[in-house]
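Here is how the chains run, residue by residue.
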Amino acid sequence: MTSSSSPSQDAKRLAHAYPEGLRADALMEEDVAWKHDIDGERDGDQFDRSERAALRRVAGLSTELEDVTEVEYRQLRLERVVLVGVWTTGTAQDADNSLAELAALAETAGALVLDGVIQRRDKPDAATYIGSGKALELRDVVMETGADTVICDGELSPGQLIQLEDVVKVKVIDRTALILDIFAQHAKSREGKAQVALAQMQYMLPRLRGWGQSLSRQMGGGRGGLATRGPGETKIETDRRRIREKMAKMRREIAEMKTGREIKRQERRRNKVPSVAIAGYTNAGKSSLLNRLTGAGVLVENALFATLDPTVRRAETPSGRLYTLADTVGFVRHLPHHLVEAFRSTMEEVGDSDLILHVVDGSHPVPEEQLAAVREVIREVGATDVPEIVVINKADAADPLVLQRLLRVEKRSIAISARTGQGLEELLALIDEELPRPSVEVEALVPYTQGKLVARAHTEGEVLSEEHTAEGTLIKVRVHAELAADLAPYTPTATA
């Protein structure tokens with residue numbers, strides 16, 4: 001067991017290990033504490049905040065490798081971690097930003113980041129990810145800091161995990177396992193939990209170990225006596241078979257839940273209600289924007305992947321047109337493929353929408369990288385044909401030069417601040433302008449006995465003018481073809 005140092009020593013190590021530009025909070029705002037009198041007015045009621053706060057990690061639980069040698073899949077209990085990255089392409093600043101983001105992910109998972117190292121290589125080492133010599137240096141860093149976990153900024157193969165653990169003598173995880181752990185903590189809905197569980201099993205399947213060399217306790221039958229043919233399945237084969245069975249069951253359950261979500265979408269399409277999806281990088285302010293526009297009361301927290309479960313709310317444009325606004329899961333660079341597959345049904349909200357609000361953090365050091373990472377995932381879910389508005393959030397904290405650069409490069413973009421309300425009226429007007437409009441313009445004199453047609457015109461179309469006369473309601477609207485056919489008997493040409 002490694003001895004633990006005092007909190008003051010930990011703070012000194014952290015300050016020494018990370019310059020100001022590399023600290024995890026470099027990717028976040030400074031006011032991480034949430035106060036009801038200040039933030040409640042800005043971000044709404046946040047109905048699930050107390051429930052989320054009821055579960056916190058417990059400090060002091062050992063994660064020494066020796067304590068868990070016979071467990072095939074160890075639940076992550078991160079405490080004191082050292083980060084390691086391999087710089088293969090790009091500039092040194094790019095490598096620093098990537099490691100800073102990994103530090104933010106680790107702190108979101110409940111870890112204390114003690115140190116971080118980056119190695120310059122053409123490609124990661126096939127055996128230990130960082131090479132045998134650097135692995136020995138990493139072991140010295142781990143022993144010096146008293147860390148119990150090493151987090152690698154990349155997805156490691158099962159062999160790399162095993163060999164690096166053998167050298168550093170503490171538990172090693174990769175970026176994918178860290179993101180999966182955060183998702184497992186934050187998933188609330190039945191669908192979200194099922195999607196995370198499926199992604200975890202997909203990740204875990206090729207990495208089972210611990211009992212892999214043991215013979216099975218199941219014996220086969222044979223000639224020469226009772227059970228003399230030899231061993232049947234080994235323990236690891238049995239575990240893999242059970243995991244595959246669970247994965248198949250989980251996929252069936254997710255498919256059933258996807259059907260329910262599809263029925264809701266079809267109902268919205270039947271009612272001709274336009275849909276807007278909020279997509280963007282994690283911690284860019286998507287939930288804050290949803291709360292500002294609709295009063296949804298979704299949890300807002302200065303942390304990565306604070307909200308996972310999609311939220312759909314009804315909203316209205318300044319001209320009175322109804323539409324739905326859907327908050328989606330946040331994206332991140334190198335988002336694990338398992339998560340993209342597992343959350344595909346949720347991400348279909350983006351592909352089926354009429355408009356995407358692509359939220360980007362204007363105060364981030366390199367917002368262009370966030371835009372590229374999100375667009376890559378949007379391409380994977382087949383939503384490249386959906387119109388997009390780039391919403392540059394946190395304009396009150398952003399560098400004016402960065403804002404000007406983004407507004408110049410991104411032709412359909414707008415700068416706002418969900419915190420102060422800056423630019424929200426212009427954003428609503430832009431949404432009203434970009435949403436698809438009904439194609440048929442109709443003028444009809446609807447008798448008062450057919451009031452339901454007037455109501456449909458208000459909910460499904462765009463009312464240009466309305467006048468109440470002795471014969472009925474004279475209404476001029478722009479509607480879809482189906483409603484235009486229902487209004488046709490009351491048009492001037494039909495009545496004449």
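For the protein, an unreviewed UniProt entry supplies the name GTPase HflX and the organism Streptomyces bauhiniae. Under the heading Function (unreviewed entry), UniProt records this for the protein: "GTPase that associates with the 50S ribosomal subunit and may have a role during protein synthesis or ribosome biogenesis." In its Subunit (unreviewed entry) section, UniProt records this for the protein: "Monomer. Associates with the 50S ribosomal subunit."

**Student:** Where do I start with the overall build of the protein in this structure?
**Tutor:** A tally of regular secondary structure across the protein gives 18 helices and 15 strands. Across the 496 residues in the protein, those meeting the buried criterion constitute 50%. Put simply, of all contacts in the protein between residues at least 6 apart along the chain, 70% involve residues at least 24 apart. A total accessible area of about 24,100 Å² is found for the protein, and carbon and sulfur atoms account for 52% of it.

**Student:** How do you make sense of the pattern of salt bridges when you look at a structure like this?
**Tutor:** Opposite charge on two side chains lets them pair, provided their charged atoms get close. The tally for this structure, following the rule as stated, stands at 15 salt bridges. The salt bridge involving R375 is made with E388; its shortest N-O contact spans 2.9 Å. Here R375 is found in helix α13 (residues 367–380), whereas its partner E388 is found in strand β11 (residues 388–393), with 13 residues between them in sequence. A salt bridge links R412 to E434, with the shortest nitrogen-to-oxygen separation between them at 2.6 Å. On the criterion of sequence distance, the pair formed by R412 in the loop between α14 (400–409) and β12 (413–415) and E434 in helix α15 (residues 424–434) is long-range, its members being 22 residues apart. With relative accessibility at 24%, the residue E434 sits in the partly exposed group. Through salt bridges with shared partners, a single ionic network connects E101, D153 and R175.

**Student:** I would appreciate a short explanation of the side chain of N393 in the present structure.
**Tutor:** Within the secondary structure layout, N393 lies in strand β11. Accessibility expressed as a relative area gives 4% for N393, which makes it buried.

**Student:** What is the right way to look at the pairing of strand β8 (residues 311–316) in this model?
**Tutor:** When a strand is regular, its side chains alternate between the sheet's two faces. Of the strand pairs in this sheet, β8 and strand β9 (residues 322–327) are connected by six bridges, and their pairing is antiparallel. Note that in β9 the partner of R313 across the bridge is L325. Remark: five residues form the turn of the hairpin made by β8 and β9, two consecutive strands paired antiparallel; G320 in that turn has positive phi of roughly 95°.

**Student:** What is the right way to read helix α8 (residues 190–204) from this model?
**Tutor:** Side chains that are three or four residues apart share a direction in an α-helix, a result of its 3.6 residues per turn. Look at α8: 21 Å from first C-alpha to last across 15 residues, which is about the 21 Å you get at 1.5 Å a residue. Of all 15 residues making up α8, twelve are buried, and the element is well covered by its neighbours. Those residues of α8 that sit buried are E191, G192, A194, Q195, V196, L198, A199, Q200, M201, Q202, Y203 and M204.

**Student:** Got a minute to help me understand unusual backbone geometry in this structure?
**Tutor:** The phi angle of most residues is negative, glycine excepted, and most peptide bonds adopt the trans form. Despite not being glycine, Y129 has its phi angle at roughly 75°, a positive value. Structurally, Y129 is set in the loop between β2 (112–120) and α5 (132–145). Residue classification places Y129 among the buried positions, given a relative accessible area of 5%.

**Student:** Is there a simple way to think about the sheet that holds strand β13 (residues 440–446) in this case?
**Tutor:** Where strands meet in a sheet, backbone hydrogen bonds hold them as pairs that are either parallel or antiparallel. Pairing is antiparallel across the open sheet formed by three strands, whose spatial order is β13-β15-β14. At either margin of the open sheet sits one strand with a lone partner, and together these are β13 and β14 (462–468). If you compare each strand with its neighbour and ignore which way they point, the axes differ by 10° on average. Lying over the sheet, helix α16 (residues 451–460) contacts β13, β14 and β15 (473–479), oriented at roughly 145° with respect to β14.

**Student:** I would appreciate a short explanation of the confidence of the model for the protein in the present structure.
**Tutor:** In the predicted model, the protein carries a mean pLDDT of 75, and the fraction of residues at 70 or more is 72%. Confidence scores differ between elements of the protein, with helix α1 (residues 7–17) showing the lowest mean pLDDT of 45 and β12 the highest of 93. The model gives residues 52–64 a pLDDT under 50, and that stretch makes 26 contacts with residues more than four places away or in other chains. Contacts from residues 66–76, a stretch scored under 50 in pLDDT, to residues over four places away or in other chains number 26 contacts.

**Student:** Help me understand the packing of aromatic side chains, please; the structure alone is not making it clear to me.
**Tutor:** Two descriptors summarise a pair of aromatic rings, namely the distance from one centre to the other and the angle between the planes of the rings. The full count for this structure, using the stated rule, is zero aromatic pairs. The residue whose ring lies beneath R120 is W87, and the NZ or CZ to ring-centre distance is 4.6 Å.

**Student:** Explain the packing of helix α7 (residues 175–186) against α8 to me, please; I cannot follow it from the model alone.
**Tutor:** Each pair of packed helices gets described by two things: the angle between the helix axes and the distance between those axes. At a minimum axis separation of 10 Å, α7 and α8 run at an interaxial angle of 155°. Taken together, the axes of α7 and α8 lie roughly antiparallel to each other. Note that α7 runs across α8; the crossing there is left-handed. Between α7 and α8, the contacting residues are T176, A177, L180, F183 and A184 on the first element and V196, A199, Q200 and Y203 on the second.

**Student:** When you look at the side chain of S353 in this model, what are you seeing that I'm missing?
**Tutor:** Among the secondary structure elements, S353 is positioned in the loop between α12 (344–351) and β10 (355–361). Side-chain polar atoms of S353 contact the backbone oxygen of L355, separated by 3.5 Å. Excluding residues within four positions of it along the chain, S353 makes contact with S275, V276, A277 and V386.

**Student:** Would you mind showing me how to read the packing of α13 against α14 here?
**Tutor:** α14 packs onto α13 with a crossing angle of 40° between their chain directions and a minimal axis gap of 11 Å. Between α13, through P367, E368 and L371, and α14, the contact on the second element is made entirely by V402, R405 and L406. The residue makeup of the contact of α13 with α14, split by class, is four nonpolar, no polar and two charged.

**Student:** Would you take a moment to explain the sheet that holds β9 for this structure?
**Tutor:** With mixed pairing, six strands are arranged side by side in an open sheet as β8-β9-β7-β10-β11-β12. Every interior strand has two partners, whereas the edge strands, β8 and β12, have only one. Averaged over all neighbouring strand pairs, the angle between strand axes comes to 25°, with direction disregarded. Sheet analysis places strand β7 (residues 275–280) next to β10, joined by five bridges and oriented parallel. Bridged to V276 within β10 is L355. Contacts from α15 reach β7, β9, β10, β11 and β12, with the element oriented near 150° to β10.

Conventions and cut-offs
Residues numbered from 1 in each chain as written. Predicted model: local features only at pLDDT ≥ 70, side-chain atom pairs only at ≥ 80, totals over all residues. Heavy atoms only, no water. UniProt positions renumbered as here; feature names shortened; annotations may be inferred. Helix = DSSP H or I, 4+ residues; strand = E, 2+ residues; numbered from the N terminus. Buried < 20%, exposed > 50% of the residue type's maximum accessible area, 1.4 Å probe, protein only. Contact = heavy atoms within 4.5 Å. Areas by Shrake-Rupley, 256 points an atom, 1.4 Å probe, with all protein chains shown as cover. Salt bridge = Lys/Arg side-chain N within 4 Å of Asp/Glu carboxyl O. Pairing = 2+ DSSP bridges. Expected span 1.5 Å × (residues − 1). Axes fitted to C-alpha atoms, helices over the stretch in contact; angles between N-to-C directions. pLDDT = per-residue confidence, 0-100. Phe/Tyr/Trp six-rings, centres within 6.5 Å; stacked < 30°, edge-to-face > 60°. Lys NZ or Arg CZ within 6 Å of the ring centre and 35° of its normal. Parallel < 35°, antiparallel > 145°, perpendicular 65-115°, else oblique. Left-handed = near helix turned anticlockwise from the far one by under 90°. Polar contact = N/O pair within 3.5 Å; in protein donor to acceptor, adjacent residues only side chain to side chain. Nonpolar A, V, L, I, M, F, W, Y, C, P; charged D, E, K, R; others polar.

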